[in-house]
Amino acid sequence: MSDQTRSSAMAQPLQHQTSPTTRKTAKFLTATVLGGSALVLSGLTLTGTILALTVATPLFVLFSPVLVPALIATLMIGSGFLLSGGCGASALVGFTWLYKYVTGKRPVGSGQIDYMKDEISGKARDVKDFVKDQAKAGQNRADQEIRRA
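Residues numbered from 1 in each chain as written. Predicted model: local features only at pLDDT ≥ 70, side-chain atom pairs only at ≥ 80, totals over all residues. Heavy atoms only, no water.

Draft legend 1. Focus on a positive patch on the surface. Among the surface-exposed residues, R125, K128, K132 and K136 lie close enough to one another that they form a single positively charged patch. Mapped onto the elements of the fold, K128 is located in helix α3 (residues 110-148). Given the relative accessible area of 48%, K128 is considered partly exposed. (Patch = residues over 30% accessible without salt bridge, like charges linked within 9 Å, V, L, I, M, F, W, Y side chains within 5 Å. Areas by Shrake-Rupley, 256 points an atom, 1.4 Å probe, with all protein chains shown as cover. Salt bridge = Lys/Arg side-chain N within 4 Å of Asp/Glu carboxyl O. Lys, Arg positive; Asp, Glu negative; His and termini not counted. Charge placed at Lys NZ, Arg CZ, Asp CG, Glu CD. Helix = DSSP H or I, 4+ residues; strand = E, 2+ residues; numbered from the N terminus. Buried < 20%, exposed > 50% of the residue type's maximum accessible area, 1.4 Å probe, protein only.)

Here you go:
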């Protein structure tokens, strides 16, 4: 009797694990319905697009001498507005950064600017000293040549 009790006790968990639960079944049915609906809607959209293109293509061919220049003009005007807006926005950001830098608020990147400023001024000092030395050396040579002559 004890063998039968053990075997039936072991069979119950296995049976419970293999049978689908109501929740899993509901998830599967929901996913199937949603996937099928999406597939039907995409097919309808494709069919509608093909029909609309079939009807609209002759109209595009007939009105293309008007539509193409109008489209080009519209694109040029739109891109001009986008470009001017982008340039204005970048100028505003640049002036804001410059204002923060001048007022000492240390915006992002100001350390690099200060470093480069120090590097450039150091190189300018070196060039100035080099030019002074070369001018002095040239003057000394000229004085020596004058004395020899």
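Draft legend 2. Molecular detail of the packing of aromatic side chains. In the structure shown here, the tally under the stated rule is one aromatic pair. With centroids separated by 5.2 Å and ring planes inclined at 5°, the aromatic side chains of W97 and Y101 adopt a geometry described as stacked. Separated by four residues within a single helix, W97 and Y101 lie in helix α2 (residues 22-102), roughly one turn from each other. Judged by relative accessible area, Y101 falls into the partly exposed class, the value being 22%. (Phe/Tyr/Trp six-rings, centres within 6.5 Å; stacked < 30°, edge-to-face > 60°.)

Draft legend 3. Expanded view of the pattern of salt bridges. Summed over all chains, the structure comprises two salt bridges. Residues R106 and D114 are paired through a salt bridge, measuring 2.5 Å at the closest nitrogen-oxygen approach. Across the salt bridge formed by R148 and E145, the nearest N and O atoms sit 3.6 Å from each other. In this pair, R148 and E145 both sit in helix α3, three residues apart, roughly one turn of the helix. In this structure R148 comes out as exposed when scored by relative accessible area, which is 66%. The partly exposed category is assigned to E145, whose relative accessible area is 47%.

Draft legend 4. Region of the structure containing unusual backbone geometry. At R106, a residue that is not glycine, the phi angle is positive and equals roughly 55°. Mapped onto the fold, R106 is located in the loop between α2 and α3.

Draft legend 5. Structural context of the UniProt feature "transmembrane region" (unreviewed entry) in the protein. As recorded in UniProt, the sites labelled "transmembrane region" (unreviewed entry) are residues 33-60 and 66-99. Secondary structure over residues 33-60 splits into 100% helix and 0% strand, and the C-alpha atoms at its two ends are 39 Å apart. When the span residues 66-99 is considered, its composition is 100% helix and 0% strand, and the gap between its end C-alpha atoms is 49 Å. (UniProt positions renumbered as here; feature names shortened; annotations may be inferred.)

Draft legend 6. Summary view of the confidence of the model for the protein. Looking at the protein as a whole, its pLDDT mean stands at 87, while 88% of the residues score no less than 70. Element-level pLDDT for the protein is lowest in helix α1 (residues 2-18), with a mean of 53, against a maximum mean of 93 in α3. (pLDDT = per-residue confidence, 0-100.)

Draft legend 7. Broad picture of α2. Compared with the 120 Å implied by 1.5 Å per residue over 81 residues, the 69 Å span of α2 between its first and last C-alpha is markedly short. Approximately 80° is the largest bend angle found in α2, and it occurs at S64, with the proline P65 only one to four residues beyond. Backbone geometry just downstream of α2 places G104 in the positive-phi region, at approximately 85°. (Expected span 1.5 Å × (residues − 1). Bend = angle between axes of the 7 residues up to and from the residue.)

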